[in-house]
Structures are given as C-alpha cells and as structure tokens.
Amino acid sequence: MKPINPSELARLKEVGLSTLHPPGLRIAVGMATCGLAAGAGAVYEAIKEEAGKTGLNLMLIKTGCLGYCQQEPLVDVRLPGRGRVLYAQVSTKAAPDMIAALAQGRLPAEGPLAVIAENGNSKEIRLEGFDHLPFLDELPFYRRQQKVVLRNSGLIDPASIEEYMAGDGYQALAQVLSDGDPERLVEAITRSGLRGRGGGGFPTGRKWRICRESSEETRYIICNADEGDPGAYMDRTVLESDPHSVIEGLIIGGYAIGAHQGYIYVRDEYPLAVEKLTGALAQAEELGLVGPNILGSGFDFAVTIVRGAGAFVCGEETALIGSIEGTSVEPHPKPPFPAIQGLWGRPTVVNNVKTLASVPIILRRGPDWHRSIGATGNAGTVVFSLVGQVANTGLVEVPMGLTLKELLEEVGGGGLNGKRIKAVQTGGPSGGCLPARLFDLSIDFESLTGAGSIMGSGGMVVMDEGTCMVDVAKYFLAFTKAESCGKCTPCRDGIRELHNILSRITAGQAEAKDLDTLEEIAGWVKACSICGLGQTAPNPVLTTLRYFKDEYQAHVLEKRCPAGVCSALIELAINQEACNGCGLCLRECPTEAISGKKKSPHVIDPVKCTRCRICADVCPEGAVQVVR
Ligand SMILES: Cc1cc2nc3c(=O)[nH]c(=O)nc-3n(C[C@H](O)[C@H](O)[C@H](O)COP(=O)(O)O)c2cc1C
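What you see is a predicted model, and the numbers here were worked out from it, not measured in a lab. (Residues numbered from 1 in each chain as written. Predicted model: local features only at pLDDT ≥ 70, side-chain atom pairs only at ≥ 80, totals over all residues. Heavy atoms only, no water.)

(A) Inspection of the sheet that holds strand S2 (residues 58-63) at higher detail. Strand order in the open sheet formed by five strands is S2-S1-S3-S4-S5, with mixed pairing between adjacent strands. Strands with a single pairing partner mark the edges of an open sheet, and in this sheet they are S2 and strand S5 (112-115). Neighbour-to-neighbour, the strand axes of the sheet open up by a mean angle of 20°, direction not taken into account. With four bridges connecting them, strand S1 (residues 25-30) and strand S3 (residues 75-79) associate as antiparallel partners. Bridge pairing in S3 places Arg 26 opposite Arg 78. This element, helix H4 (residues 95-103), spans S1, S3 and strand S4 (83-87) of the sheet and lies at about 15° to S3. (Pairing = 2+ DSSP bridges. Helix = DSSP H or I, 4+ residues; strand = E, 2+ residues; numbered from the N terminus. Axes fitted to C-alpha atoms, helices over the stretch in contact; angles between N-to-C directions. Contact = heavy atoms within 4.5 Å.)

Okay, structure coming up:
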C-alpha cells in the first residue's frame with residue numbers, strides 16, 4: 001500500500017471537522033456500555049425512527065461516554081444557529097417531542113442538563129431559551145475536572161478516524177516520525193513526568209529508556225487493557241470512546257523503544273471495547289498508520305489484539321506476557337523486569353491504556369504543559385471510576401494533588417441521599433479503605449501508599465455509615481481468594497486463611513486472639529507473595545484494622561455489627577407505629593417469617609427470619625429496622 005503523507009492527514013482532519021460541526025443538525029447519543037445499560041440503544045433507534053417519519057434531515061452519531069454515567073442516556077443536540085445542548089436521562093418517549101421541536105427549528109425544552117460550548121462560543125452569551133442552564137464545565141460534577149486522557153470521550157464518534165483527527169489525532173505520530181529522533185522522544189516523555197497509570201506509577205520515560213537501551217534487537221510493546229478490578233471501568237471507557245488515542249500512543253511507544261510489533265491485551269469481557277478497538281485498528285491499517293513504512297518514514301509497526309484469558313491476575317504484567325505466549329497465566333518473580341526480559345524473552349514495555357492514551361496529547365502540547373498539571377512528582381491527571389454511596393457517580397478525571405475531600409464533596413456531590421461518607425476504597429481489591437478523617441489527603445501515588453492504600457488503576461468505591469468495614473474487607477478478600485492463581489503459598493493459603501478469619505468474625509464466631517492472627521498473616525502475605533496480587537491483597541484487611549478497629553472489636557467482643565449489616569449479628573423487627581399493614585413484606589418474605597392481619601401492624605418471627613432484608617427493601621414506610 002502506498003503510504004499516506006502528512007498532507008493527507010490534514011485533509012482527513014477537515015473531513016472530521018465537517019462531521020463534528022456539520023452545516024445541519026447533529027444528534028449524538030452516548031453509546032458506551034454505561035449508556036447502553038441505561039437504554040441508549042433504544043433511544044438512538046427511537047430518534048432515528050421519528051426523524052425518518054418526519055423526514056427531518058439530521059446527522060445521527062453514536063459517541064462514547066462523557067463521564068456522567070449516572071445521567072445516561074445522554075444526548076448531545078447541535079442545532080446550527082441555535083446552539084448545542086446536552087440532554088440527560090433521555091427516554092424513548094422523549095424522542096417524538098425532541099424531533100418535533102427540532103423540525104420547527106427549536107432546541108427541545110425537556111430534560112436539558114447543560115450547554116456545550118462550541119469553538120469560540122463566549123460564555124457571556126447565554127443560549128436563547130436556556131439562559132439559566134449552566135455550561136457543561138460549570139456543572140459541579142465537571143467543575144474540578146480536567147480532561148487529558150478523556151479529552152475526546154463522549155465528544156467524538158469512536159468509529160470515525162476522521163473525527164479523532166479533527167482534534168489533531170495522529171499529528172503527534174506524524175511529528176515524531178518526521179523528527180526521526182526516538183531518543184528525543186523518550187526524553188520528552190521523561191520530562192513530562194508521566195507515570196504509569198496501571199497502578200504502580202513507574203515513570204514511563206524511564207521504562208521506555210531501559211527497554212530502548214537493551215542490546216537485544218527485537219523488542220515489543222504491550223498495551224495492558226485487562227482491567228479486572230471490580231468497580232473499575234476507566235480503561236473500558238477509553239477504549240469504547242476514543243480507541244485511536246490508545247493506538248496512536250502504542251505506535252509512538254513502539255517507535256520510542258525500537259519495537260516493530262505491539263499488542264493490545266484486552267479484557268475478553270469487554271465486547272464493545274474489543275469491537276471499537278478492532279474497527280479503529282482496521283481504519284489505521286487502511287490508512288497506513290499501522291503496518292509497513294508508516295507515513296513514508298520507513299518505520300514498520302504491526303499491532304495485534306489479544307483477548308484476555310479472564311482472570312484478574314492476567315493484568316499482572318508477567319502473567320499477561322505468559323498469556324500472550326500461550327504458556328501458563330502465572331506471574332513470575334521480578335527481576336528480571338519485562339523491560340529487560342519480557343515477551344518471548346525479549347525486552348518488552350507493558351503500559352496501561354491511560355498511560356498510552358496520554359502520550360499523543362503530551363507530545364502535542366509539550367512536556368512542560370503536562371508537568372504543569374497536578375502535583376510535584378505526580379504530574380498530570382488521574383481518572384477514577386467513582387462508584388458506591390456517593391451522589392454523583394461516573395468517570396472523573398482530576399488533576400493529581402486534589403484532596404479526597406474535594407473529589408468526594410465537589411465532584412461526587414457528597415454522600416448518597418445526603419448521608420455522611422464514612423470511608424473510601426481506592427485501588428480496587430488491592431487497595432485500602434481510608435476513613436473520613438483522612439479526606440484532606442492529597443490524591444497522589446505517595447500519599448495514598450503512605451496511608452496504607454494505593455492509587456491502583458483508578459477504582460474508587462465510596463461507603464457511608466450503613467457499611468460494615470469488616471464485611472467490606474471480607475468482600476475484597478473473597479475476590480482475591482478466588483483470583484489468586486495459586487502458584488505461591490503465601491498468596492494461595494494466606495488469603496484463604498484471612499478470608500476464613502473474617503468470615504468467623506462476621507458470623508460472631510471469632511475470639512479476641514483472632515484479630516492478632518489476622519494482622520500477623522496479613523503482614524506475611526504482603527511480604528512473601530511473589531506478585532502484586534498477594535503483595536497488595538491484605539491492604540483492605542490492614543487498613544480496616546488500622547482505621548476501624550472498634551468495628552472489629554464490636555464484632556468479636558460484643559458480637560455486634562455496629563453498621564447493622566452482618567446477618568448473624570443482627571435481628572430485624574417491624575416498628576409497630578410505622579407499619580400500615582400493607583402486607584408487602586409478608587408476601588415477599590421467602591421464609592414466611594412475617595405474620596399479621598391486613599391493615600394492622602405485622603411482626604417478624606426471629607427464629608424463621610434469615611435476615612435477607614427483602615422485607616426492608618419492599619417496605620414503603622421504612623418500618624423494618626435493625627434492632628440488634
Ligand atoms: C493482580 C494484578 C492485576 C493487574 N491488572 C492490571 C490491569 O488490568 N491493567 C494495568 O494496566 N495494569 C495492571 N496491573 C499492573 C501491571 O502489572 C503493570 O504494572 C502495568 O500494566 C504497567 O503499566 P504502566 O507502567 O503504564 O502503569 C496489575 C497488577 C497486578 C498485580
């Protein structure tokens with residue numbers, strides 16, 4: 001294939017700009033996994049059908065995730081001459097009115113969330129009819145955010161390489177190849193202060209240099225898109241919403257280290273991410289941006305997508321390498337590190353999705369720009385999937401150095417239903433639970449590690465007063481117990497024993513000395529396991545013991561669960577004054593433990609009751625209470 005030249009990139013950019021800002025109406029529906037789960041697929045079809053009925057001429061686009069997952073389905077309507085408005089929680093029922101309004105040359109009045117600023121659109125000029133509507137970046141959820149990794153997410157069509165190019169996509173690659181100076185490239189990434197976003201925070205430039213300086217001719221680069229942590233979906237969203245940013249970062253990384261083959265190891269349980277990535281790769285290959293003689297530079301680079309083997313440990317870099325090789329998916333002790341001896345025994349860089357997606361924009365805007373964001377030694381932004389008992393949930397990107405309090409209160413909007421936030425778990429199952437009294441902590445690699453947690457790859461689970469911290473530790477240990485590959489004894493047997501003790505504590509069967517044993521085993525598992533899974537799995541135990549010891553003591557010494565969660569330690573009863581005798585609980589109770597006449601207060605038989613709480617869930621009056 002004849003390679004395209006940089007002037008062809010400029011032409012494709014014009015094409016992208018013309019679809020992003022067409023002369024006519026453009027409607028974009030957020031169709032990443034979060035949007036689809038909320039019904040965006042049906043909304044898209046309803047809009048299409050209505051437009052077809054009325055003959056309205058429009059460009060209907062499927063975009064990715066804008067981050068505010070809770071407000072999905074999100075629909076971005078751009079009506080030239082009128083403005084651009086984002087609509088939230090759009091239902092199929094809203095489609096006829098939406099299309100009818102647009103057909104009359106008006107923006108729909110129902111369900112607007114924010115105005116989206118267009119290029120050169122002054123915020124002084126409010127949109128006619130939407131004067132009180134904030135701009136998107138004025139919403140509390142977005143105000144403290146700074147989009148670097150997620151710069152295109154939800155704004156472009158991930159299936160269009162031209163729309164990626166409209167935001168200067170592939171320009172960094174073109175520049176790097178025309179400079180022909182990989183050494184300077186590594187220097188720029190080093191100077192930018194970029195640290196790996198896969199959890200460990202290892203300086204990316206340093207990793208690239210180690211690999212580049214190897215005397216071995218054959219080298220590889222791998223994008224780690226395994227993302228197996230429960231509650232985390234940052235990497236999935238980047239792949240679903242902006243796959244070209246990852247591909248461009250991977251090619252640039254390959255050029256920097258002298259690799260001619262790259263791999264993207266993507267979690268198999270992410271079908272949409274695999275689809276978007278596969279489509280984007282085919283487009284890049286078609287245009288000669290991947291393959292032989294890229295942009296006429298003489299640089300050859302191939303990319304292979306490998307689907308993950310379905311275990312959390314597959315994300316650990318040495319296990320991941322084994323998985324690509326088709327050998328065992330078990331971690332190996334380090335050293336040797338993959339940058340020295342990795343895939344097929346050759347020097348290999350393994351980088352996270354977000355690390356690679358950051359590379360093109362860092363090169364375009366310059367290392368000093370990236371260094372100016374964030375905190376000392378922690379340049380740039382961090383992406384979190386903010387989930388749990390917090391008012392605003394979704395994908396957030398904030399500068400490093402923001403405090404936990406700023407993130408939770410300002411971006412997250414505080415506890416769900418106005419409840420007080422008790423703790424936050426960062427770093428997924430390998431992270432720790434940090435109590436509210438530490439919320440002034442800066443979000444950076446060192447501060448979180450110092451407090452006993454980790455940054456991890458960006459899962460953040462928020463918990464309120466209704467959460468039992470012993471139960472939370474047990475939950476995460478159940479996960480790591482199931483996911484331990486079993487190769488090393490401390491991880492395999494140690495985590496199982498930690499989980500056994502936690503189960504005894506939550507069942508009210510533990511003795512005081514179990515707390516010491518718990519701490520001792522946790523220390524051994526951390527110190528002696530061969531890979532990061534075992535080395536970090538005890539973190540939820542150690543942090544909850546450190547910050548919530550009183551809850552452990554209440555379980556062990558008083559056989560009481562202060563949060564009223566552990567079923568063996570609680571009793572449910574119906575508040576006789578609050579119960580209106582509607583009979584819902586009686587009907588739903590699976591063990592027939594509830595009795596009572598219609599319209600008079602009901603009672604629970606504590607012997608038959610299994611504390612499943614279905615009665616509490618269905619009671620419209622909130623009359624079911626924990627009494628012990
Ligand atoms: C059990 C376990 C699971 C991991 N899962 C991932 C993952 O899903 N994605 C990821 O990028 N890194 C994961 N890591 C970290 C990788 O081993 C590696 O450090 C990372 O991919 C390096 O990329 P970075 O330098 O860009 O951070 C995991 C580590 C462990 C111990």
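(B) Region of interest: helix H12 (residues 271-286). Between its first and last C-alpha atoms H12 spans 22 Å; for 16 residues at 1.5 Å apiece the expected length is 22 Å, and the two agree. Looking at H12, one finds that the buried residues are Leu 272, Ala 273, Val 274, Lys 276, Leu 277, Ala 280, Leu 281 and Ala 284. Tucked into the core, H12 has its buried residues touching helix H2 (33-37), helix H6 (161-166), helix H10 (234-241), helix H11 (243-257), strand S7 (261-266) and strand S8 (302-307). Gly 288 sits one or two residues past H12 and shows a positive phi near 75°. (Expected span 1.5 Å × (residues − 1). Buried < 20%, exposed > 50% of the residue type's maximum accessible area, 1.4 Å probe, protein only.)

(C) Examining the site of the ligand more closely. Near the ligand lie 18 residues; those nearest to it are Gly 198, Lys 207, Glu 227, Asn 352 and Thr 355. Arg 197 has a polar backbone atom sitting 3.4 Å from an oxygen atom of the ligand. Measuring from an oxygen atom of the ligand, one finds a backbone N or O atom of Gly 198 at 2.8 Å. When isolated, the ligand has an accessible area of 620 Å², and the protein chains bury 89% of it. At the level of elements, strand S9 (348-352) and helix H21 (532-536) are the ones that each hand at least two residues to the shell around the ligand. In terms of residue count, the dominant contributor to the shell around the ligand is S9 (three residues). In terms of residue class, the shell around the ligand is built from three nonpolar, nine polar and six charged. (Near = heavy atom within 4 Å. Polar contact = N/O pair within 3.5 Å; in protein donor to acceptor, adjacent residues only side chain to side chain. Areas by Shrake-Rupley, 256 points an atom, 1.4 Å probe, with all protein chains shown as cover. Nonpolar A, V, L, I, M, F, W, Y, C, P; charged D, E, K, R; others polar.)

(D) How the structure looks around the sheet that holds strand S13 (residues 394-399). Taken together, five strands build an open sheet; the order of strands is S13-S12-S16-S14-S15 and the sheet is mixed. The sheet is open, and its two edges are formed by S13 and strand S15 (432-435), each paired on a single side. If you compare each strand with its neighbour and ignore which way they point, the axes differ by 30° on average. Alignment of strand S14 (residues 421-426) against strand S16 (residues 459-464), held across five bridges, turns out to be antiparallel. Paired with Gln 425 across the bridge in S16 is Val 461. Strand contacts of helix H18 (residues 469-483): S14, S15 and S16, with the helix running at about 15° to S14, the strand carrying the most contacts. Against the sheet, helix H22 (residues 539-547) touches S14 and S15, its axis set at about 25° to S15.

(E) Looking closely at the packing of H18 against helix H19 (residues 489-506). At their nearest, the axes of H18 and H19 sit 9 Å apart, and the two run at 150° to each other. Taken together, the axis directions place H18 and H19 in an arrangement best described as roughly antiparallel. Considering how the two elements wind past one another, H18 and H19 form a crossing that is left-handed. Judged by residue contacts, Val 470, Asp 471, Ala 473, Lys 474, Leu 477, Ala 478, Thr 480 and Lys 481 of H18 engage Ile 495, Arg 496, Leu 498, His 499, Leu 502, Ser 503, Ile 505 and Thr 506 from H19. (Parallel < 35°, antiparallel > 145°, perpendicular 65-115°, else oblique. Left-handed = near helix turned anticlockwise from the far one by under 90°.)

(F) Looking closely at the domain arrangement of the protein. Assigned domains of the protein: these are domain 1 (15-138), domain 2 (168-368), domain 3 (375-464), domain 4 (469-557) and domain 5 (571-626). Using only C-alpha atoms to locate each centre, domain 1 and domain 2 end up separated by 34 Å. The interface is formed by eight residues belonging to domain 1 together with six residues belonging to domain 2. Around 480 Å² of area is buried between domain 1 and domain 2 when both sides are counted, 59% of it from carbon and sulfur atoms. The largest contributions to the domain 1 side of the interface with domain 2 come from Thr 33, Cys 65 and Cys 69, which together make up 58% of the buried area. Here domain 1 and domain 2 share two residue pairs in polar contact (both at pLDDT 80 or more) between them. Here the side of domain 1 that touches domain 2 is built from residues that sort into six nonpolar, two polar and no charged. (Domains from an automatic or database assignment. Buried area = accessible area lost by both parts, 1.4 Å probe.)

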